[in-house]
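# Structural characterization, general
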Amino acid sequence: MTKVATKGLHEGWVPKKGEPRSLPIYQSTTFKYDTSEEMGRLFDLEDSGYFYSRLQNPTNDAVAAKIAAMEGGVAGMLTSSGQAANFFAVFNICEAGDHFIASSAIYGGTYNLFGVTMKKMGIDVTFVDPEISEEDLQKEFKENTKCVFGETITNPTVSIFDIEKFAKVAHQNGVPLIVDNTFATPVNCQPIKWGADIVTHSTTKYMDGHASGVGGAIVDSGNFNWLQYGDKFSGLTTPDESYHGITYAKKFGKLAYITKATAQLMRDLGPIQSPQNAFYLNLGLESLAVRMKQHCQNALAVAKYLEQNEKVAWVKYADLPSSPYHELAKKYCPKGTCGVLSFGLKGEREKAEIFMDSLKLASIVTHVADAKTCLLHPASHTHRQMSDEQLKAAGVAPDLIRFSVGLEDIEDILADLKQAFDKI
Ligand code: PLP
(Lines give C-alpha, C1' and ligand atoms only; values in the text may rest on other atoms or scores of the structure.)
Protein backbone atom coordinates (compact mmCIF):
# COMPACT_ATOMS: atom_id res chain seq x y z
CA MET A 1 0.00 0.00 0.00
CA THR A 2 1.37 3.41 -0.95
CA LYS A 3 -1.25 6.03 -0.11
CA VAL A 4 -1.45 7.70 3.28
CA ALA A 5 -5.26 7.27 3.59
CA THR A 6 -4.91 3.51 3.08
CA LYS A 7 -2.00 3.31 5.52
CA GLY A 8 -4.13 5.14 8.10
CA LEU A 9 -6.61 2.28 7.91
CA HIS A 10 -4.43 -0.77 7.39
CA GLU A 11 -0.91 -0.25 8.76
CA GLY A 12 0.09 -1.14 12.32
CA TRP A 13 -2.38 -3.80 13.37
CA VAL A 14 -2.54 -6.59 10.77
CA PRO A 15 -4.75 -9.36 12.19
CA LYS A 16 -3.98 -12.97 11.46
CA LYS A 17 -6.60 -15.71 11.04
CA GLY A 18 -9.28 -15.49 13.70
CA GLU A 19 -7.81 -12.39 15.38
CA PRO A 20 -9.90 -9.28 16.07
CA ARG A 21 -10.39 -6.99 13.07
CA SER A 22 -10.07 -3.92 15.30
CA LEU A 23 -6.90 -3.14 17.22
CA PRO A 24 -7.16 -4.82 20.65
CA ILE A 25 -6.38 -2.83 23.79
CA TYR A 26 -3.64 -4.70 25.64
CA GLN A 27 -4.59 -3.28 29.02
CA SER A 28 -1.79 -5.07 30.83
CA THR A 29 1.25 -3.73 32.62
CA THR A 30 3.16 -6.95 32.19
CA PHE A 31 3.65 -10.00 29.97
CA LYS A 32 4.29 -13.65 30.89
CA TYR A 33 7.27 -15.89 30.01
CA ASP A 34 7.98 -19.53 30.80
CA THR A 35 11.63 -19.44 31.83
CA SER A 36 13.87 -16.94 33.51
CA GLU A 37 16.32 -17.30 30.62
CA GLU A 38 13.64 -16.09 28.18
CA MET A 39 13.02 -13.10 30.40
CA GLY A 40 16.77 -12.41 30.72
CA ARG A 41 17.22 -12.32 26.97
CA LEU A 42 14.53 -9.64 26.70
CA PHE A 43 16.30 -7.47 29.26
CA ASP A 44 19.57 -7.88 27.32
CA LEU A 45 17.76 -6.75 24.15
CA GLU A 46 18.82 -10.09 22.66
CA ASP A 47 15.21 -11.09 21.95
CA SER A 48 12.39 -8.74 21.10
CA GLY A 49 9.19 -9.13 23.05
CA TYR A 50 7.02 -7.39 25.58
CA PHE A 51 7.74 -7.47 29.27
CA TYR A 52 6.56 -4.21 30.84
CA SER A 53 4.28 -1.55 29.33
CA ARG A 54 6.50 1.34 30.42
CA LEU A 55 8.93 0.15 27.76
CA GLN A 56 6.62 -1.30 25.16
CA ASN A 57 3.01 -2.34 24.76
CA PRO A 58 1.49 -4.10 21.70
CA THR A 59 -1.39 -1.60 21.30
CA ASN A 60 0.98 1.37 21.46
CA ASP A 61 3.47 -0.28 19.12
CA ALA A 62 0.83 -0.97 16.48
CA VAL A 63 -0.23 2.68 16.52
CA ALA A 64 3.38 3.94 16.50
CA ALA A 65 4.10 1.66 13.52
CA LYS A 66 1.07 3.07 11.71
CA ILE A 67 2.20 6.67 12.26
CA ALA A 68 5.74 5.75 11.16
CA ALA A 69 4.35 4.20 7.96
CA MET A 70 2.18 7.25 7.28
CA GLU A 71 5.22 9.53 7.70
CA GLY A 72 7.48 7.31 5.60
CA GLY A 73 9.78 6.52 8.55
CA VAL A 74 11.30 3.25 9.76
CA ALA A 75 10.17 3.28 13.40
CA GLY A 76 8.07 5.25 15.83
CA MET A 77 7.18 5.55 19.48
CA LEU A 78 4.20 6.97 21.31
CA THR A 79 4.55 9.32 24.26
CA SER A 80 2.12 10.64 26.84
CA SER A 81 1.93 14.08 25.18
CA GLY A 82 3.34 16.22 22.40
CA GLN A 83 5.51 17.96 25.00
CA ALA A 84 7.07 14.62 25.94
CA ALA A 85 7.61 13.81 22.25
CA ASN A 86 9.48 17.06 21.56
CA PHE A 87 11.50 16.74 24.76
CA PHE A 88 12.48 13.15 23.95
CA ALA A 89 13.25 13.97 20.31
CA VAL A 90 15.91 16.50 21.36
CA PHE A 91 17.03 14.86 24.61
CA ASN A 92 17.72 11.59 22.80
CA ILE A 93 20.57 13.44 21.05
CA CYS A 94 21.53 16.35 23.33
CA GLU A 95 22.92 16.21 26.84
CA ALA A 96 24.21 18.81 29.32
CA GLY A 97 26.81 20.98 27.58
CA ASP A 98 25.22 20.57 24.13
CA HIS A 99 23.51 23.17 22.00
CA PHE A 100 20.78 23.10 19.37
CA ILE A 101 19.04 25.53 17.04
CA ALA A 102 15.26 26.01 16.91
CA SER A 103 12.97 28.16 14.81
CA SER A 104 11.51 30.90 17.00
CA ALA A 105 8.09 30.39 15.38
CA ILE A 106 6.99 27.34 17.35
CA TYR A 107 4.25 26.46 19.81
CA GLY A 108 4.60 28.47 23.05
CA GLY A 109 4.89 25.32 25.19
CA THR A 110 7.79 24.04 23.09
CA TYR A 111 9.45 27.47 23.20
CA ASN A 112 9.27 27.38 26.99
CA LEU A 113 10.48 23.76 27.17
CA PHE A 114 13.54 24.60 25.06
CA GLY A 115 14.26 28.11 26.31
CA VAL A 116 13.66 27.62 30.03
CA THR A 117 13.38 24.01 31.22
CA MET A 118 16.01 22.39 28.99
CA LYS A 119 18.34 25.34 29.63
CA LYS A 120 18.12 24.44 33.34
CA MET A 121 19.31 20.96 32.33
CA GLY A 122 22.41 22.49 30.73
CA ILE A 123 21.19 22.22 27.13
CA ASP A 124 21.48 25.53 25.33
CA VAL A 125 19.21 26.65 22.48
CA THR A 126 19.50 29.43 19.92
CA PHE A 127 16.16 30.57 18.48
CA VAL A 128 16.35 31.80 14.90
CA ASP A 129 13.87 33.65 12.72
CA PRO A 130 12.49 31.01 10.32
CA GLU A 131 13.02 33.51 7.46
CA ILE A 132 16.77 33.48 8.16
CA SER A 133 19.07 33.11 5.13
CA GLU A 134 21.16 29.96 4.73
CA GLU A 135 24.31 32.06 5.30
CA ASP A 136 23.04 33.54 8.56
CA LEU A 137 21.75 30.16 9.74
CA GLN A 138 25.20 28.72 9.12
CA LYS A 139 26.67 31.33 11.49
CA GLU A 140 24.53 30.03 14.38
CA PHE A 141 26.21 26.60 14.43
CA LYS A 142 28.75 25.88 17.18
CA GLU A 143 31.11 22.98 17.89
CA ASN A 144 28.52 21.50 20.26
CA THR A 145 25.40 22.01 18.08
CA LYS A 146 23.60 18.65 17.86
CA CYS A 147 20.31 19.23 16.01
CA VAL A 148 17.94 21.74 14.42
CA PHE A 149 14.20 21.99 15.19
CA GLY A 150 11.18 23.56 13.46
CA GLU A 151 7.38 23.23 13.03
CA THR A 152 5.91 22.48 9.56
CA ILE A 153 2.96 24.82 10.16
CA THR A 154 3.54 27.02 13.15
CA ASN A 155 1.11 27.27 16.04
CA PRO A 156 -0.43 29.89 16.20
CA THR A 157 0.95 32.01 13.35
CA VAL A 158 0.31 29.28 10.73
CA SER A 159 3.40 30.21 8.72
CA ILE A 160 5.18 27.50 6.72
CA PHE A 161 8.61 26.25 7.75
CA ASP A 162 11.04 25.88 4.84
CA ILE A 163 12.00 22.27 5.60
CA GLU A 164 14.43 21.88 2.68
CA LYS A 165 16.38 25.02 3.61
CA PHE A 166 16.83 23.98 7.22
CA ALA A 167 17.57 20.33 6.30
CA LYS A 168 20.27 21.43 3.88
CA VAL A 169 22.12 23.60 6.41
CA ALA A 170 21.65 21.05 9.23
CA HIS A 171 23.14 18.29 7.07
CA GLN A 172 26.02 20.52 5.93
CA ASN A 173 26.87 20.72 9.63
CA GLY A 174 26.44 17.01 10.26
CA VAL A 175 23.34 17.24 12.45
CA PRO A 176 19.75 15.99 12.02
CA LEU A 177 16.65 18.11 11.45
CA ILE A 178 13.66 17.47 13.74
CA VAL A 179 10.28 18.67 12.48
CA ASP A 180 7.09 18.92 14.52
CA ASN A 181 4.45 17.97 11.95
CA THR A 182 1.41 18.30 14.22
CA PHE A 183 -0.69 20.76 12.20
CA ALA A 184 0.01 19.44 8.70
CA THR A 185 -0.18 15.74 9.65
CA PRO A 186 1.33 13.18 7.24
CA VAL A 187 -1.82 13.55 5.14
CA ASN A 188 -0.82 17.05 4.03
CA CYS A 189 2.98 16.98 4.41
CA GLN A 190 5.59 14.31 4.94
CA PRO A 191 8.68 16.19 6.18
CA ILE A 192 10.95 13.15 5.69
CA LYS A 193 10.48 13.51 1.92
CA TRP A 194 11.92 17.02 2.20
CA GLY A 195 14.97 16.06 4.25
CA ALA A 196 13.75 15.94 7.87
CA ASP A 197 15.38 13.15 9.87
CA ILE A 198 13.00 12.94 12.80
CA VAL A 199 9.33 13.91 12.92
CA THR A 200 7.30 14.62 16.04
CA HIS A 201 3.60 15.02 16.76
CA SER A 202 1.22 16.19 19.35
CA THR A 203 -1.26 13.42 18.50
CA THR A 204 -3.66 15.33 20.75
CA LYS A 205 -4.55 17.44 17.69
CA TYR A 206 -5.78 16.21 14.28
CA MET A 207 -4.46 12.66 14.67
CA ASP A 208 -6.76 11.92 17.60
CA GLY A 209 -9.06 14.50 16.06
CA HIS A 210 -11.84 14.44 18.63
CA ALA A 211 -10.19 16.08 21.64
CA SER A 212 -10.38 12.81 23.55
CA GLY A 213 -6.79 11.98 24.48
CA VAL A 214 -3.51 13.84 25.07
CA GLY A 215 -0.62 12.10 23.35
CA GLY A 216 2.53 12.40 21.28
CA ALA A 217 4.61 10.49 18.78
CA ILE A 218 8.16 10.44 17.41
CA VAL A 219 9.08 8.94 14.05
CA ASP A 220 12.61 8.29 12.84
CA SER A 221 13.35 8.33 9.11
CA GLY A 222 16.31 6.01 9.69
CA ASN A 223 18.24 8.23 7.24
CA PHE A 224 20.68 9.93 9.57
CA ASN A 225 24.04 8.17 9.78
CA TRP A 226 25.00 8.61 13.44
CA LEU A 227 28.21 6.59 13.10
CA GLN A 228 29.53 8.87 10.37
CA TYR A 229 30.05 11.60 12.98
CA GLY A 230 31.86 9.45 15.54
CA ASP A 231 31.53 10.62 19.10
CA LYS A 232 29.44 13.69 18.26
CA PHE A 233 26.39 11.58 19.01
CA SER A 234 28.09 9.55 21.70
CA GLY A 235 24.77 8.45 23.23
CA LEU A 236 24.14 6.48 20.06
CA THR A 237 27.66 5.61 18.95
CA THR A 238 29.41 4.59 22.18
CA PRO A 239 28.44 1.82 24.64
CA ASP A 240 25.47 2.54 26.95
CA GLU A 241 26.72 1.29 30.30
CA SER A 242 23.18 1.51 31.66
CA TYR A 243 22.18 -1.08 29.07
CA HIS A 244 24.85 -3.78 29.23
CA GLY A 245 27.29 -1.79 27.09
CA ILE A 246 25.11 -1.81 23.97
CA THR A 247 26.09 0.64 21.21
CA TYR A 248 22.71 1.48 19.70
CA ALA A 249 23.93 2.64 16.26
CA LYS A 250 26.00 -0.53 15.81
CA LYS A 251 23.48 -3.04 17.13
CA PHE A 252 20.27 -1.57 15.73
CA GLY A 253 21.32 0.35 12.58
CA LYS A 254 18.38 2.33 11.24
CA LEU A 255 16.36 1.53 14.38
CA ALA A 256 19.03 2.94 16.73
CA TYR A 257 17.37 6.27 17.54
CA ILE A 258 13.95 4.85 18.49
CA THR A 259 15.51 1.89 20.31
CA LYS A 260 17.57 4.26 22.44
CA ALA A 261 14.53 6.48 23.11
CA THR A 262 12.61 3.38 24.24
CA ALA A 263 15.27 1.39 26.08
CA GLN A 264 16.86 4.36 27.81
CA LEU A 265 14.63 7.45 27.94
CA MET A 266 11.28 5.72 28.34
CA ARG A 267 12.79 3.28 30.84
CA ASP A 268 14.19 6.14 32.95
CA LEU A 269 11.62 8.91 32.48
CA GLY A 270 8.45 6.93 31.74
CA PRO A 271 5.95 9.20 29.91
CA ILE A 272 4.12 6.40 28.07
CA GLN A 273 0.78 6.76 26.37
CA SER A 274 -1.92 4.60 27.92
CA PRO A 275 -3.03 1.72 25.65
CA GLN A 276 -6.60 3.03 25.97
CA ASN A 277 -5.56 6.43 24.57
CA ALA A 278 -3.55 4.70 21.84
CA PHE A 279 -6.74 2.86 20.86
CA TYR A 280 -8.64 6.15 20.50
CA LEU A 281 -5.70 7.61 18.58
CA ASN A 282 -5.86 4.67 16.20
CA LEU A 283 -9.54 5.39 15.49
CA GLY A 284 -8.59 8.98 14.71
CA LEU A 285 -5.85 7.87 12.33
CA GLU A 286 -8.33 5.71 10.42
CA SER A 287 -10.33 8.77 9.35
CA LEU A 288 -7.50 11.34 9.34
CA ALA A 289 -7.26 11.67 5.55
CA VAL A 290 -10.96 12.45 5.01
CA ARG A 291 -11.07 14.76 8.01
CA MET A 292 -8.03 16.77 6.89
CA LYS A 293 -9.58 17.30 3.48
CA GLN A 294 -12.77 18.68 5.06
CA HIS A 295 -10.86 20.80 7.63
CA CYS A 296 -8.91 22.43 4.78
CA GLN A 297 -11.99 23.01 2.65
CA ASN A 298 -13.90 24.62 5.53
CA ALA A 299 -10.90 26.71 6.66
CA LEU A 300 -10.34 28.11 3.18
CA ALA A 301 -13.99 29.18 3.02
CA VAL A 302 -13.67 30.88 6.44
CA ALA A 303 -10.38 32.56 5.44
CA LYS A 304 -11.96 33.94 2.26
CA TYR A 305 -14.97 35.20 4.22
CA LEU A 306 -12.73 36.93 6.79
CA GLU A 307 -10.48 38.42 4.11
CA GLN A 308 -13.37 40.34 2.55
CA ASN A 309 -14.89 41.36 5.91
CA GLU A 310 -14.33 45.09 6.57
CA LYS A 311 -14.18 44.55 10.36
CA VAL A 312 -11.15 42.27 9.97
CA ALA A 313 -7.69 43.89 10.02
CA TRP A 314 -5.73 40.91 8.71
CA VAL A 315 -5.99 37.15 8.04
CA LYS A 316 -3.20 34.57 8.05
CA TYR A 317 -3.86 31.36 6.18
CA ALA A 318 -1.23 29.99 3.84
CA ASP A 319 -3.79 28.51 1.42
CA LEU A 320 -4.97 32.05 0.57
CA PRO A 321 -3.22 33.23 -2.61
CA SER A 322 -2.56 36.56 -0.83
CA SER A 323 -0.50 34.83 1.91
CA PRO A 324 3.28 35.42 1.82
CA TYR A 325 3.57 31.69 2.58
CA HIS A 326 1.37 30.59 -0.32
CA GLU A 327 4.26 29.39 -2.49
CA LEU A 328 5.80 27.40 0.38
CA ALA A 329 2.35 26.01 1.20
CA LYS A 330 1.87 24.83 -2.39
CA LYS A 331 5.29 23.20 -2.28
CA TYR A 332 5.06 21.43 1.08
CA CYS A 333 1.28 21.01 1.45
CA PRO A 334 -0.17 20.74 -2.06
CA LYS A 335 -3.43 19.24 -0.75
CA GLY A 336 -3.97 22.12 1.71
CA THR A 337 -2.31 23.11 4.98
CA CYS A 338 -4.70 22.54 7.90
CA GLY A 339 -7.89 23.84 9.48
CA VAL A 340 -6.23 26.47 11.65
CA LEU A 341 -5.99 30.12 10.68
CA SER A 342 -5.40 33.35 12.55
CA PHE A 343 -6.78 36.86 12.21
CA GLY A 344 -7.00 40.22 13.95
CA LEU A 345 -9.94 42.59 14.27
CA LYS A 346 -9.90 46.32 13.61
CA GLY A 347 -10.37 48.53 16.66
CA GLU A 348 -9.66 48.20 20.32
CA ARG A 349 -9.11 45.03 22.34
CA GLU A 350 -12.64 45.02 23.87
CA LYS A 351 -14.12 44.46 20.41
CA ALA A 352 -12.22 41.19 20.11
CA GLU A 353 -13.55 40.12 23.49
CA ILE A 354 -17.17 40.96 22.57
CA PHE A 355 -16.71 39.14 19.26
CA MET A 356 -15.26 36.00 20.87
CA ASP A 357 -17.90 35.94 23.60
CA SER A 358 -20.68 36.31 20.98
CA LEU A 359 -19.79 33.16 19.07
CA LYS A 360 -22.27 30.38 19.78
CA LEU A 361 -21.06 27.40 17.72
CA ALA A 362 -17.33 28.10 18.00
CA SER A 363 -16.18 27.69 21.58
CA ILE A 364 -13.32 29.33 23.46
CA VAL A 365 -11.03 26.45 24.44
CA THR A 366 -7.30 25.94 24.94
CA HIS A 367 -7.39 23.21 22.38
CA VAL A 368 -6.96 23.45 18.65
CA ALA A 369 -7.16 21.20 15.60
CA ASP A 370 -10.05 18.90 16.39
CA ALA A 371 -13.50 18.17 14.96
CA LYS A 372 -15.34 21.10 16.58
CA THR A 373 -14.69 24.74 15.67
CA CYS A 374 -12.91 26.57 18.45
CA LEU A 375 -10.85 29.68 19.06
CA LEU A 376 -8.35 31.22 21.41
CA HIS A 377 -6.50 34.47 22.04
CA PRO A 378 -2.85 33.28 22.47
CA ALA A 379 -1.51 36.47 24.10
CA SER A 380 -3.89 35.99 27.02
CA HIS A 381 -4.07 32.18 26.96
CA THR A 382 -1.45 29.73 25.57
CA HIS A 383 1.40 32.24 25.21
CA ARG A 384 0.74 34.32 28.32
CA GLN A 385 4.11 33.33 29.86
CA MET A 386 5.95 35.02 26.99
CA SER A 387 7.16 38.62 27.10
CA ASP A 388 6.09 41.09 24.39
CA GLU A 389 9.51 40.68 22.80
CA GLN A 390 9.24 36.89 22.77
CA LEU A 391 5.72 37.17 21.36
CA LYS A 392 7.05 39.39 18.59
CA ALA A 393 9.91 36.96 17.86
CA ALA A 394 7.38 34.14 17.57
CA GLY A 395 5.29 36.32 15.25
CA VAL A 396 2.32 36.41 17.64
CA ALA A 397 0.55 39.77 17.42
CA PRO A 398 -1.26 40.83 20.62
CA ASP A 399 -4.56 40.99 18.68
CA LEU A 400 -4.12 37.53 17.10
CA ILE A 401 -7.19 35.29 17.32
CA ARG A 402 -6.43 31.64 16.55
CA PHE A 403 -9.41 30.08 14.84
CA SER A 404 -9.55 26.31 14.43
CA VAL A 405 -12.12 25.42 11.82
CA GLY A 406 -13.94 22.18 12.53
CA LEU A 407 -16.00 19.72 10.56
CA GLU A 408 -19.42 21.34 11.02
CA ASP A 409 -21.39 22.32 7.92
CA ILE A 410 -19.63 25.39 6.52
CA GLU A 411 -22.94 27.31 6.33
CA ASP A 412 -23.37 26.97 10.10
CA ILE A 413 -19.76 28.06 10.79
CA LEU A 414 -20.15 31.15 8.59
CA ALA A 415 -23.56 31.98 10.08
CA ASP A 416 -22.04 31.87 13.57
CA LEU A 417 -19.25 34.25 12.51
CA LYS A 418 -21.72 36.61 10.84
CA GLN A 419 -23.93 36.94 13.92
CA ALA A 420 -20.85 37.61 16.09
CA PHE A 421 -19.61 40.29 13.68
CA ASP A 422 -23.03 41.93 13.88
CA LYS A 423 -22.42 42.47 17.63
CA ILE A 424 -19.31 44.65 17.09
N1 PLP B 1 3.50 20.85 19.14
C2 PLP B 1 2.53 21.64 18.64
C3 PLP B 1 2.66 22.17 17.26
C4 PLP B 1 1.42 21.96 19.42
O5 PLP B 1 0.46 22.74 18.90
C6 PLP B 1 1.33 21.44 20.74
C7 PLP B 1 0.17 21.77 21.60
O8 PLP B 1 -0.65 22.60 21.28
C9 PLP B 1 2.37 20.64 21.22
C10 PLP B 1 3.43 20.35 20.40
C11 PLP B 1 2.32 20.06 22.61
O12 PLP B 1 1.47 18.97 22.57
P13 PLP B 1 0.64 18.41 23.83
O14 PLP B 1 -0.34 19.47 24.21
O15 PLP B 1 0.03 17.17 23.31
O16 PLP B 1 1.63 18.16 24.91
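Being a predicted model, the structure only gives us computed values, none of them experimental.

Calculation criteria
Residues numbered from 1 in each chain as written. Predicted model: local features only at pLDDT ≥ 70, side-chain atom pairs only at ≥ 80, totals over all residues. Heavy atoms only, no water. Helix = DSSP H or I, 4+ residues; strand = E, 2+ residues; numbered from the N terminus. Buried < 20%, exposed > 50% of the residue type's maximum accessible area, 1.4 Å probe, protein only. Contact = heavy atoms within 4.5 Å. Areas by Shrake-Rupley, 256 points an atom, 1.4 Å probe, with all protein chains shown as cover. Lys, Arg positive; Asp, Glu negative; His and termini not counted. Charge placed at Lys NZ, Arg CZ, Asp CG, Glu CD. Polar contact = N/O pair within 3.5 Å; in protein donor to acceptor, adjacent residues only side chain to side chain. Near = heavy atom within 4 Å. Nonpolar A, V, L, I, M, F, W, Y, C, P; charged D, E, K, R; others polar. Patch = residues over 30% accessible without salt bridge, like charges linked within 9 Å, V, L, I, M, F, W, Y side chains within 5 Å. Salt bridge = Lys/Arg side-chain N within 4 Å of Asp/Glu carboxyl O. Pairing = 2+ DSSP bridges. Axes fitted to C-alpha atoms, helices over the stretch in contact; angles between N-to-C directions. Domains from an automatic or database assignment. Buried area = accessible area lost by both parts, 1.4 Å probe. Core = buried A, V, L, I, M, F, W, Y, C linked by side-chain atoms within 4.5 Å. Parallel < 35°, antiparallel > 145°, perpendicular 65-115°, else oblique. Left-handed = near helix turned anticlockwise from the far one by under 90°.

Along its length, the protein chain carries 16 helices and 12 strands. For the protein chain, the C-alpha atoms occupy an extent of roughly 75 × 55 × 35 Å along the three principal directions. Looking at the protein chain as a whole, 57% of its 424 residues qualify as buried. Counting contacts in the protein chain only where the partners sit at least 6 residues apart, residues at least 24 apart contribute 72% of the total. Carbon and sulfur atoms form 52% of the exposed surface of the protein chain, whose accessible area is close to 17800 Å². Both charge centroids of the protein chain, one from 42 positive and one from 50 negative side chains, sit 3 Å from each other.

Attention now moves to the side chain of Thr154. Mapped onto the fold, Thr154 is located in the loop between strand E4 (145-151) and helix H7 (163-172). Assessed through its relative accessible area of 3%, Thr154 is described here as buried. Of note is the side chain of Thr154, whose polar atom sits 2.6 Å from the side chain of Thr157. Excluding anything up to four places from it in sequence, Thr154 contacts Ala105, Ser159 and Phe183.

With that settled, consider the site of the ligand. In the vicinity of the ligand lie 15 residues, with Asn155, Asp180, Ser202, Thr204 and Lys205 positioned nearest. One of the side-chain nitrogen or oxygen atoms of Asp180 is found 2.6 Å away from a nitrogen atom of the ligand. Residue Thr204 places a side-chain N or O atom 2.6 Å away from an oxygen atom belonging to the ligand. When the ligand sits alone it has 390 Å² of accessible area, and the protein chains cover 90% of it. Of the residues assigned to the shell around the ligand, the class counts are three nonpolar, nine polar and three charged.

Let's shift gears to helix H4 (residues 82-91). Burial within H4 is extensive, with eight of its 10 residues counted as buried. Turning to H4, its buried residues number three or more, namely Gly82, Ala84, Ala85, Asn86, Phe87, Phe88, Ala89 and Val90. Sitting at the head of H4, Ser81 places a side-chain oxygen 3.4 Å from the backbone nitrogen of Gln83.

Turning next to a negative patch on the surface. On the surface, Glu348, Glu350, Glu353 and Asp357 cluster together into a negatively charged patch. Relative to the helices and strands, Glu353 is located in helix H14 (residues 349-358).

If you walk across this open sheet you meet the seven strands as E1-E7-E6-E5-E4-E2-E3, and the pairing is mixed. Sheet topology places strand E1 (75-79) and strand E3 (124-128) at the edges, where each strand pairs with a single neighbour. Direction aside, the axes of adjacent strands within the sheet are offset by 20° on average. Where E1 meets strand E7 (residues 216-220), five bridges bridge the pair, whose relative direction is antiparallel.

On to the domain arrangement of the protein chain, then. We note that the domain assignment places domain 1 (4-276) and domain 2 (289-421) within the protein chain. Buried surface at the junction of domain 1 and domain 2, summed over both partners, amounts to about 3100 Å²; 64% is from carbon and sulfur atoms. Contact with domain 2 buries surface across domain 1, with Ile160, Asn188 and Tyr206 losing the most and accounting together for 24% of the total. Counting the contacts that link domain 1 with domain 2 gives one salt bridge. One salt bridge in this structure joins Glu164 and Lys331, with 2.6 Å as the shortest N-O distance. Where domain 1 touches domain 2, the interface holds 15 residue pairs in polar contact (both at pLDDT 80 or more).

Here we come to the nonpolar core. Core analysis: the largest hydrophobic core is formed by 99 residues, its most contacted members being Ile67, Val90, Phe100, Phe114, Leu177 and Trp226. Per-element tally for this core: the top contributor is helix H11 (residues 256-269), with seven residues. Split by domain, this core shows at least three residues from each of two domains, domain 1 (4-276) and domain 2 (289-421). Setting aside anything within four residues of it in sequence, one finds Phe100 in contact with Val90, Cys94, Phe114, Ile123, Asp124, Val125, Thr126, Thr145 and Cys147. Membership of the second largest hydrophobic core comes to 28 residues, among which are Tyr305, Val315, Met356 and Val405.

Spatially, E8-E9-E12-E11-E10 is the arrangement adopted by the five strands of the open sheet, whose pairing is mixed. At either end of the open sheet lies a strand with only one pairing partner, and these are strand E8 (312-316) and strand E10 (363-364). Alignment of E8 against strand E9 (residues 340-345), held across four bridges, turns out to be antiparallel. Pairing of Trp314 across the sheet is with Gly344, part of E9.

Residue Pro156 is bonded to the preceding Asn155 through a cis peptide linkage, with omega at 10°. Position of Pro156 among the secondary structure elements: in the loop between E4 and H7. A positive phi angle, near 65°, is found at Thr185, a position not held by glycine. Relative to the elements of secondary structure, Thr185 occurs in helix H8 (residues 185-188). Even without glycine at this site, Ala211 takes up a positive phi of about 55°. Secondary-structure assignment places Ala211 in the loop between strand E6 (198-202) and E7.

Relative orientation of the contacting elements H4 and helix H5 (residues 108-120) amounts to 45°, with a least axis distance of 10 Å. Judged by the angle between their axes, H4 and H5 are oblique. Between H4 and H5 lies a crossing of right-handed hand. Together, Gln83, Asn86, Phe87, Val90 and Phe91 of H4 and Gly109, Thr110, Leu113, Phe114 and Met118 of H5 make up the contact between the two elements. By residue class, the composition of the contact of H4 with H5 is six nonpolar, four polar and no charged.

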